[in-house]
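Examination of the molecular architecture
Residues per chain are reported as follows:
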Amino acid sequence: ASGVQNLTQPTPDFNLFPNPANQDLFIEIVQGIQFEQVTVGIYNPLSQLVYQEYYSSGGMISIPLNSFKPGLYFCKVSFGKSGTGAFKRFVISR
């Protein structure tokens, strides 16, 4: 052993459901990942940001979808001040 520690943090992950969604989209931050700030951004297929909100804790996040048109969207959840995050796609169907 060289005594060098692995300083990389686990890759943040989240689950979103239901997919396809209708009235609300729920985002569940994977257990064991703690960050001071969580940023949720929703993008349309043209990569335009159509929703952004900041949350002070993880757990379960609920986003009302009544102002969104049906179609394909991408959800980006970013963790901490570094902006490290992940994208997942979802569909709004009515």
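Computed from a predicted structure; not experimentally measured. (Residues numbered from 1 in each chain as written. Predicted model: local features only at pLDDT ≥ 70, side-chain atom pairs only at ≥ 80, totals over all residues. Heavy atoms only, no water.)

**Some details on the pattern of salt bridges**
Put simply, the rule reads: Salt bridge, as applied in this entry: a Lys or Arg side-chain nitrogen positioned within 4 Å of an Asp or Glu carboxyl oxygen. In this text, helices come from DSSP runs of H or I with a minimum length of four residues, and strands from runs of E with a minimum of two, each type numbered from the N-terminal end.
If you walk through the whole model with that rule in mind, you get one salt bridge. Across the pair Lys88 and Asp13 runs a salt bridge whose closest N-O atoms are separated by 3.3 Å. On the criterion of sequence distance, the pair formed by Lys88 in strand β7 (residues 84-92) and Asp13 in the segment before β1 (14-17) is long-range, its members being 75 residues apart.

**Observations concerning the sheet that holds strand β3 (residues 38-43)**
For clarity, the cut-off: Should DSSP find at least two bridges between two strands, the strands are taken to pair. A fitted line through C-alpha atoms serves as each axis, taken over the contacting stretch for helices, and the angle formed by two N-to-C directions is quoted from 0 to 180°.
Judged by pairing direction, the sheet is antiparallel, and its four strands sit side by side in the order β4-β3-β6-β7 without closing on themselves. Edge positions in the sheet fall to β4 (49-55) and β7, since each has one partner strand and no second. Adjacent strand axes in the sheet meet at a mean angle of 20°, parallel and antiparallel pairs treated alike. With nine bridges connecting them, strand β6 (residues 71-79) and β7 associate as antiparallel partners. Bridge pairing in β7 places Lys76 opposite Phe87.

From the geometry alone we can't say anything about function, so treat these as descriptive.
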